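Geometric and topological summary
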Amino acid sequence: MKAPKSWILEHVDVPEGTTTDELTARLTLTGLKLEAIASPGKDITGPLVVGRVLTMDPEPQKNGKTINWCTVDVGDANGTGEPQGIVCGAHNFKPGDLVVTVLPGGVLPGGFEISARKTYGHVSAGMICSARELGLGEDHDGIIVLSEDAGTPGEDVRPLLGLDEEVIEFEINPDRAYALSLRGIAREVLVSVDGASNFRDPALRNTPAANDQGHPVVVEDAEGCPVFVARKVTGFDPAAPTPDVISQRIIAAGMRPISLAVDITNYVMLETGRPIHGYDADKLRGAIVVRRARAGERLTTLDGTDRALDPADLVVTDDSGIIGLGGVMGGETTEISDSTTSVLVEAAHWDAVSMFRTGKRHKISSEAGKRNERGVDPTICEAAADRVVELLVEHGGATAEPGVTVVGTPPQMPVVQVAGDLAERVSGMPITKERSVECLRAIGCEVVPAEDGSGTLSVTPPPWRPDLTDAQDFSEEVIRLVGYDKVPSVLPTPPSGRGLTRPQQLRRRIGRTLAGEGYVEVVSFPFVGTTDLDALGLPEDDPRRRMLRLSNPLSSEAGYMTTTLLPGVLRSAAKNVGHGNTDVAIFETATVTLPRDGGPAAILPVDRRPTDAEFAALDAALPAQPLHLALVALGDEVSGGWWGEGRPVSWADAIEAVRSVAEALGLEVTATSADLAPWHPGRCAELSVGDHVVGHAGEVHPKVCEAFGLPKRTVAAEVDLDLLIELAVHLRPAPTFSSYPVAKEDVALVVDASVPAADVEAALREGAGELLESIRLFDLYTGEQVGEGRKSLAYALRFRAPDRTLKEGEAAAARDAAVALAAERTGAVQRT
Amino acid sequence: MSGPNTDYDPVEVTPLKADEVEAMREAALAAIAAAPDLEALKQVRLDHAGDRSPLALANREIGALPPQARKEAGQRVGQARGAINQAIAARQTVLEAEHEERMLVEETVDVSLPTLRRRRGSRHPITLQSELIADLFVAMGYEIAEGPVVEAEWLNFDALNLGPDHPARTMQDTFWTEPADDHVVLRTQTSPVQARTMLTRKPPIYVVCPGRVFRTDEYDATHSPMFHQVEGLVVDEGITMAHLKGTLDHFASQLFGDDIFTRFRPSYFPFTEPSAEVDVRCFVCRGVDSASCRTCRGEGWIEWGGCGVVNPRVLVACGVDPEVYSGFAFGMGIDRSFMFRHDLEDLRPLFEGDVRFSSAFGTEI
C-alpha cells in the first residue's frame with residue numbers, strides 16, 4: 001500500500017516536527033513495515049514553474065513535423081519578467097493555458113539538463129513538460145495542461161503536481177487488510193506514534209437514512225452479500241476533469257486515473273478501504289439482483305475477458321442478465337463511459353472466502369478483490385457510498401438522487417473471552433490486565449472485564465478487524481503496542497539432547513568421504529522431463545520412467561520430480577566442461593521421488609489430532625523419497641605434470657568411490673557385471689552389500705555422453721544412500737594381529753576372459769583356508785603368451801597363523817589347495 | 001712363501017728394518033690422508049692394509065727372524081698396521097660425512113614446484129551452512145527433525161492453520177502434483193516438519209529442521225524455485241516470546257558474531273500468533289554509520305526470517321494440549337543467511353553445479 005504522507009496527515013495529527021523517518025520507524029515496529037519512501041520529484045532540480053501560454057505559432061518543418069513557437073509568461077521566475085520563448089512539439093494546448101515550464105538550469109529525471117538552445121530556427125529557453133518527462137507516469141501524448149485555477153505564472157509547480165510529496169509504501173500483512181486504506185493507516189499512526197491525536201475517520205459520516213425510493217436491489221444470497229448499498233447521481237458531467245489532488249493521489253497509490261467517476265470510486269476505496277463499483281445507471285435494466293451464478297452463464301468483464309462463470313461465483317444481475325462479478329470486477333455492458341451522465345454507486349460487503357475463490361478461479365487480481373478477499377469493514381458501506389456521491393456532486397456537477405437503497409445488515413462481530421494475563425503469559429514480559437485493556441481499546445475493541453474476579457476480558461473486535469477471532473490474536477495486538485522491542489531475551493532450558501541421529505552422522509561422514517576422494521558436492525533442482533530420461537537412454541519399461549508429475553511446473557520440459565539424480569549431475573558435469581574444466585569429479589546427495597499408489601493424502605480435520613492410522617495413511621499416500629547419491633567423474637584422476645603422465649579416470653574409479661563410501665560405513669561392496677542405462681553395457685557394475693543391490697557404477701554409455709555433451713569415458717555411479725545407511729555397521733569389533741612372521745606366495749592363473757576376477761579370487765580365498773591373511777591381484781595380463789580369449793591373473797597371497805610360525809611347506813600347501821579350488825571352480829590353469 | 005725361513009740372516013730381512021717399517025707406515029698414512037673420496041680410500045686400504053700390502057708382506061717375514069728378534073719386529077709391524085687401520089677408519093668417517101653432505105646437496109629439489117596432483121574435493125556451502133546451524137542447536141540440546149519434501153497438503157497447510165481459503169496460501173506459490181485430488185505438494189516451507197514432530201514426539205520438544213523447500217518462483221538472482229530453510233520448534237510448558245527472542249539472539253550471535261542480536265517486528269504467519277519478522281543486526285556495520293554499508297543496504301538490520309508463538313490452533317491439530325503447553329517456532333532462509341554471511345549477491349551459483357563455487361569453501365565453513 002502506497003500512501004502519500006500528506007493524505008495520511010489529513011486524517012490524523014502527529015506532534016509538530018515528527019519526521020517521516022520517525023513516523024515510519026514507529027509504524028514498522030508496530031506492524032506496518034516501511035517498504036520504501038518515494039518522492040516523485042526527487043530527481044527534479046532547478047526552476048520548474050507555472051507558465052501561461054501567451055502566444056503559440058505553429059511552424060511546419062521539413063521533416064513533416066509541426067512545432068509550436070510559444071511565448072510563455074513565467075512571472076519573475078526567469079529573472080526578467082519577460083515572456084520566455086520556448087519551442088514545443090505538442091499540440092494539446094492553446095494560448096491562455098497554464099502549463100508546466102522548466103527553465104534553463106533545471107534538471108529533469110534521468111539527468112536531463114535544460115539549457116537555452118537553438119532549435120528549429122529559434123532559441124528555445126526551456127521546455128513545456130509532459131507527465132512522462134517529469135516522471136509522473138507514462139503519458140507522453142501531450143504536455144500537462146494545468147487547471148485554470150491551479151496557480152499563477154512563475155509559481156513553483158512542485159506542490160501543485162504533488163512532486164514534493166513523500167509517498168510512503170507499507171508492506172501490509174494479510175491479517176491487516178484494514179491498513180489497505182488511509183483510514184486504517186491513520187488509525188495505526190494514532191495508536192503507534194507517541195503524541196498522535198485527533199483521528200478523523202473518513203468513514204464517520206452522517207449518511208441519509210435508507211428509503212424505498214432508491215434503485216431496487218434484491219439480494220438472494222445474504223451470506224455471500226450481507227450488505228448492499230446503492231446510491232444514484234444524475235446530471236453528471238462526463239467531461240469534467242479529475243481534480244489534480246485526486247489524480248495525483250491515485251497515481252501515488254500505484255493506480256491509474258481513468259475518468260472522474262471511476263477515479264472517485266478508487267479514491268474513496270483508498271480512503272476508506274471499501275471497494276466501490278460504479279454503474280452507468282442509464283444502462284441498467286430493472287432491479288439489481290445479487291445471486292450465485294448458474295452453470296453455463298458467462299460474463300465479459302471490464303478487462304474485456306469473456307469468462308465462463310462457476311456456480312460458486314457471486315454475480316450482480318439486472319433484467320439484461322449478468323452485469324458484474326460481485327466484488328471482483330464489473331461487466332462491460334454497464335461500464336461507465338465518456339458519455340455517462342447517471343451513475344449508480346454500489347457499496348457492498350461480500351463474503352471474503354467467496355471473493356478469494358472467485359479471484360483465484362478467474363485469475364483476477366484487482367485492488368477491489370485484494371481488499372474484499374481479506375476482509376473489509378462491513379459497517380461503512382453507506383458512508384463510503386455517500387462519500388462517492390459527495391465527490392461526484394462536488395467535482396462532476398451531479399445531483400444526488402434522494403433514493404438510498406440499503407439491503408441487509410452488517411454481520412455481528414464475535415465476542416471473544418481473553419484471559420487478562422494472556423499477553424503477559426504469551427510475551428514473557430510484565431503486562432498488566434489494565435494495560436491490555438488500554439491497548440485493546442486503542443485499536444477499537446470493546447472490552448468488558450468480567451465481574452467475577454476471574455480476570456477474563458470479554459472482547460469484541462472492531463468491525464474492520466475480522467482477523468481477530470482467537471484469544472491469542474488479541475495478545476498479539478497488546479504485545480505489538482507495548483512493543484516487540486520490549487520483549488526480554490531469555491534462553492529456555494531444553495532437556496538433555498541426544499545429538500545427531502546415526503543416519504544424520506553417517507550422511508555427514510559420506511559427504512566428507514567423497515570430498516576426501518576428490519569429489520565436489522553440487523546441488524541441482526529435482527525437476528526433469530521425459531527428454532532427460534531419453535538422454536539417459538532409459539528403455540520404455542524402465543521403472544525410473546514412472547515419475548511424479550507436477551501440475552504447475554515452471555517449464556514444460558521439466559515437469560516431473562526426478563527418480564534419479566543422474567540427469568542433474570551429468571548436466572552439472574557438462575556445464576563444468578563447458579566452462580573449460582577438463583577434470584571434473586562431482587557428487588550430489590538428495591532425495592528422489594518414487595511414486596507408489598498410495599491413494600490421495602486426505603485433508604484431515606484440524607480441530608483434533610489425527611489418529612495414528614490417519615497419520616500413517618498420509619505418509620503412505622506420499623511417494624517414496626529415498627536419499628540417493630550420484631557422482632560423475634571425467635578427465636584425469638591424477639593430473640599429468642612434472643612428475644609424469646596423468647592417469648585418466650576409468651570405470652573403476654566410479655566403483656571405487658562408492659566402495660570408499662561403503663567402507664566409511666563399515667560395509668564391503670561387491671561388484672558384478674550388469675547392463676543398465678545410462679551405463680556402457682560392458683562396463684557397468686551392479687553394486688551389492690550382501691544380498692542388497694545398493695546401486696550401479698561404471699562408464700557412461702558413449703551415446704549418453706554425447707547427449708549430455710560430455711567427453712567419452714565419463715564415469716558415473718548412483719547409490720541408494722538410505723539403504724547403505726540402514727546396512728551400515730554400527731559397532732566394529734577391534735582387530736587382533738598375529739605377530740608371527742608372514743609367508744608370501746605368488747600364483748598366476750590363466751582363465752577364460754569371461755571369468756570374473758572376483759570369482760577366481762573367491763575360489764582362491766576359500767581354497768587357501770584359514771591361514772590366508774590377504775590376497776591381492778597384482779597383475780592382469782592378456783596377450784599372446786596366454787592365448788586368445790584368455791587372461792592371466794597374478795595374485796600375491798600372504799599366509800600367517802595367529803599363534804605360531806608356519807612350518808616349512810605349510811604356506812605352499814595352502815597355496816596349492818587354493819589353486820586347486822580355483823581350477824575346479826573357474827577352470828583356472830596355473831601359469832608356469 | 002710363508003713359513004719360517006731359517007736361511008735368512010735377520011740383518012738381511014730388509015722389510016723388517018725399523019726404518020723400512022717406518023717408511024711403509026709413513027707412505028700409508030700419507031696415502032690415507034691424500035685419499036680424496038671413499039673410492040680412493042678403498043684402494044688405499046687395499047694397497048696399505050690389505051693382504052698384499054708391504055706391511056702384510058713384511059709381517060710374513062717375521063718368522064724368518066731369529067726368535068729373539070721376532071718380538072721386536074712383530075711389535076714394530078703390529079704398531080704400524082694398527083696406526084694405519086686407525087687412520088683409515090678415521091679417514092673413512094671423515095669421507096663418509098663429506099659424502100653424505102655432498103649427496104644431500106646434490107639431491108636438492110625445487111620445492112616451489114606445484115604439488116597438486118589429485119583433485120581436491122569439497123562439500124556444498126549450503127550443506128555446510130545447514131550443518132553449522134544444526135550444530136549450533138545441537139549444542140543447545142536440540143535435535144534435528146526431518147520430513148519429506150513431497151508432502152501432504154494437510155501437513156503443509158491445513159495443520160498449520162492455513163485452511164484451503166486462507167489468503168496466505170497465495171503468499172506461497174505452491175507446486176502441486178498430479179493428480180490434483182491426491183492433495184500432495186512440494187513443501188513450501190519446512191513448517192510441515194513442525195506438525196510431523198508434534199505428531200510423533202511428546203513435549204518437551206526442542207528441534208530444528210534444515211531442508212529444501214519449493215515455490216513457483218521464476219529463477220533469478222534473488223529467487224529460486226528451490227531453496228533451503230531451517231525451521232525451529234520448541235514446545236514446552238511456559239514457553240514465551242521471550243524464550244524465542246533469547247534463542248534467536250543466541251543463534252544470531254553464534255552465526256554472525258559476538259554481540260549480534262535480533263529485532264522483532266510484528267508480522268503475520270497463520271501458524272504463529274503473535275508473529276514476528278526477525279531482523280538481525282548487521283554484522284558488518286553493526287548499525288553504526290550504516291548509510292554506506294553494502295551488506296544491510298543502509299538499514300543497520302538484515303531481514304533474516306519469521307517467527308512467533310505457535311498458534312494454539314496448530315497445537316490442537318497436532319495433538320498438543322494448548323492449556324498445558326505453549327511453543328515457539330521460527331524459520332530462516334539458509335541460502336539467504338549464507339548469502340549475506342559470505343557476501344553473495346546472486347544466489348544462482350548455489351544451484352549451477354560449477355565446481356569452482358563449492359571448491360571455494362572446502363569442507364567446513
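Below is a short write-up of the structure. Just so it is clear, the model here is predicted, and its values are computed rather than measured. (Residues numbered from 1 in each chain as written. Chains lettered and ligands numbered in written order. Predicted model: local features only at pLDDT ≥ 70, side-chain atom pairs only at ≥ 80, totals over all residues. Heavy atoms only, no water.)

Brief notes about the packing of helix α11 (residues 433–442) of chain A against helix α12 (residues 471–482) of chain A
All names here are of chain A. For the pair α11 and α12, the least separation of the axes is 9 Å and the interaxial angle reads 95 degrees. Put simply, α11 runs roughly perpendicular to α12. Along the contact surface, α11 presents Arg 435, Ser 436, Cys 439, Leu 440 and Ala 442, while α12 presents Phe 474, Glu 477, Val 478, Leu 481 and Val 482. A per-class count over the contact of α11 with α12 returns 7 nonpolar, 1 polar and 2 charged. (Axes fitted to C-alpha atoms, helices over the stretch in contact; angles between N-to-C directions. Helix = DSSP H or I, 4+ residues; strand = E, 2+ residues; numbered from the N terminus. Parallel < 35°, antiparallel > 145°, perpendicular 65-115°, else oblique. Contact = heavy atoms within 4.5 Å. Nonpolar A, V, L, I, M, F, W, Y, C, P; charged D, E, K, R; others polar.)

Quick word on the pairing of strand β8 (residues 301–310) of chain B
Moving residue by residue along a regular strand, the side chains alternate between the two faces of the sheet. Residue and element names in this part refer to chain B. For β8, the buried fraction is high: 9 of the 10 residues fall into the buried class. As defined by bridge partners, strand β7 (residues 272–281) adjoins β8 across 8 bridges and the pair is classed as antiparallel. Following the sheet pairing, Val 280 is matched in β8 by Ile 302. Across 5 bridges, β8 lies against strand β9 (residues 326–333) in antiparallel orientation. Following the sheet pairing, Gly 308 is matched in β9 by Ala 329. (Buried < 20%, exposed > 50% of the residue type's maximum accessible area, 1.4 Å probe, protein only. Pairing = 2+ DSSP bridges.)

Details of helix α5 (residues 125–140) of chain B
Residues and elements named next belong to chain B. With 16 residues, α5 should reach 22 Å at 1.5 Å per residue; the first-to-last C-alpha distance of 23 Å fits that figure. Where burial is concerned, most of α5 is hidden: 12 out of the 16 residues are buried. Along α5, the residues that are buried comprise Pro 125, Ile 126, Thr 127, Leu 128, Gln 129, Ser 130, Glu 131, Ile 133, Ala 134, Leu 136, Phe 137 and Met 140. Once α5 finishes, Gly 141 follows within two positions and takes phi at roughly 105 degrees, a positive value. (Expected span 1.5 Å × (residues − 1).)

Considering the environment of Ala 360 of chain B
Residue placement: Ala 360 of chain B occurs in the segment after α11 (355–359). Along the backbone, Ala 360 of chain B and Arg 81 of chain B are 279 residues apart, and their C-alpha atoms lie at a distance of 71 Å.

With respect to unusual backbone geometry
Put simply, Ala 677 of chain A and Pro 678 of chain A share a cis peptide bond, and its omega is 5 degrees. Note on placement: Pro 678 of chain A falls in the loop between β36 (670–674) and β37 (679–689). Backbone torsion omega between Glu 178 of chain B and Pro 179 of chain B reads -5 degrees, so that peptide bond is classified as cis. Of note, Asn 198 of chain A is a non-glycine position whose phi angle comes to about 60 degrees, a positive value. Relative to the helices and strands, Asn 198 of chain A is located in the loop between α4 (182–192) and β14 (217–219). In this model, Lys 363 of chain A sits at a positive phi of 50 degrees, which is unusual for a non-glycine residue. Judged by its relative accessible area of 74%, Lys 363 of chain A falls in the exposed class.

Thoughts on the sheet that holds strand β32 (residues 584–591) of chain A
Residues and elements named next belong to chain A. Reading across the sheet, the 7 strands line up as β28-β32-β33-β39-β38-β37-β36 and stay open at both edges, with mixed pairing between neighbours. Lying at the two open borders of the sheet, with one neighbouring strand each, are β28 (520–521) and β36. Relative to β32, β28 is paired through 2 bridges, and the arrangement is parallel. Looking at β32, one finds that Glu 521 is bridged to Phe 587.

As for the sheet that holds strand β2 (residues 33–38) of chain A
Residues and elements named next belong to chain A. On the basis of which strands lie adjacent, the open sheet formed by 3 strands has the order β1-β13-β2 and antiparallel pairing. The sheet is open, and its two edges are formed by β1 (2–4) and β2, each paired on a single side. Each neighbouring strand pair of the sheet contributes to a mean axis angle of 30 degrees, computed without reference to strand direction. Sheet analysis places β2 next to strand β13 (residues 167–171), joined by 5 bridges and oriented antiparallel.

What to know about the pattern of salt bridges
Summed over the entire model, instances satisfying the criterion amount to 74 salt bridges over all chains. A salt bridge links Arg 205 of chain A to Asp 386 of chain A, with the shortest nitrogen-to-oxygen separation between them at 3.1 Å. Placement of Arg 205 of chain A in the loop between α4 and β14 and of Asp 386 of chain A in helix α9 (residues 381–396) is noted, with a sequence separation of 181 residues between them. Note on Arg 205 of chain A: relative accessible area 24%, which makes it partly exposed. Owing to a relative accessible area of 10%, Asp 386 of chain A belongs among the buried residues under this scheme. With a shortest N-O distance of 2.7 Å, Glu 151 of chain B and Arg 196 of chain B are connected by a salt bridge. Of this pair, Glu 151 of chain B sits in strand β2 (residues 150–152) while Arg 196 of chain B sits in helix α7 (residues 192–200), and the two are 45 residues apart along the sequence. Overall, Glu 151 of chain B belongs to the buried group, its relative accessible area being 0%. The exposure class assigned to Arg 196 of chain B is buried, which follows from its relative accessible area of 8%. (Salt bridge = Lys/Arg side-chain N within 4 Å of Asp/Glu carboxyl O.)

Brief notes about the packing of aromatic side chains
Tallied over the full model, the rule gives 25 aromatic pairs over all chains. Residues Trp 7 of chain A and Tyr 267 of chain A carry aromatic rings whose centres are separated by 4.7 Å and whose planes lie at 15 degrees to one another, so their mutual orientation is stacked. With Trp 7 of chain A in helix α1 (residues 5–9) and Tyr 267 of chain A in helix α6 (residues 260–272), this pair connects stretches of sequence that are 260 residues apart. Residues Trp 7 of chain A and Tyr 267 of chain A agree in their burial class; the two are buried. Between Phe 338 of chain B and Phe 361 of chain B, the ring centres sit 5.2 Å apart and the planes meet at 70 degrees, which makes this aromatic pair edge-to-face. Here the residue Phe 338 of chain B occupies a position in helix α10 (residues 334–341), and Phe 361 of chain B occupies one in the segment after α11, the gap between them amounting to 23 residues. (Phe/Tyr/Trp six-rings, centres within 6.5 Å; stacked < 30°, edge-to-face > 60°.)

Observations concerning the nonpolar core
Judged by nonpolar contacts, the single largest core of 118 residues is most densely connected at Phe 251, Trp 304 and Phe 330 of chain B. Of all the elements, helix α8 (residues 241–256) of chain B adds the most residues to this core, at 8 residues. Ignoring sequence-local partners within four residues, the contact set of Phe 251 of chain B consists of Ile 133, Leu 136, Phe 137, Trp 304, Phe 330 and Met 332 of chain B. Ranked by size, the runner-up nonpolar core spans 52 residues in total, among them Phe 170, Val 193, Tyr 267 and Ala 384 of chain A. (Core = buried A, V, L, I, M, F, W, Y, C linked by side-chain atoms within 4.5 Å.)

Points about the interface of chain A and chain B
Counting from both sides, the interface comprises 105 residues of chain A and, opposite them, 106 residues of chain B. Taking the shortest distance from any N to any O, the salt bridge between Arg 118 of chain B and Glu 637 of chain A comes out at 2.6 Å. Taken together, chain A and chain B are joined by 41 residue pairs in polar contact (both at pLDDT 80 or more). It is β32 of chain A that contributes the most residues to the side of chain A that touches chain B, 8 residues altogether. When its residues are assigned to classes, the side of chain A that touches chain B shows 50 nonpolar, 29 polar and 26 charged. (Polar contact = N/O pair within 3.5 Å; in protein donor to acceptor, adjacent residues only side chain to side chain.)

Comments concerning the packing of helix α13 (residues 502–516) of chain A against helix α17 (residues 651–664) of chain A
All names here are of chain A. Where α13 contacts α17, the two axes come as close as 9 Å, and the packing angle between them is 140 degrees. On the basis of their axis angle, the class for α13 and α17 is oblique. Handedness of the α13/α17 crossing: right-handed. Only Ala 657, Ser 660, Val 661 and Ala 664 of α17 make contact with α13, whose side of the interface consists of Arg 509, Ile 510, Thr 513 and Leu 514. Of the residues in the contact of α13 with α17, the class split is 5 nonpolar, 2 polar and 1 charged. (Left-handed = near helix turned anticlockwise from the far one by under 90°.)

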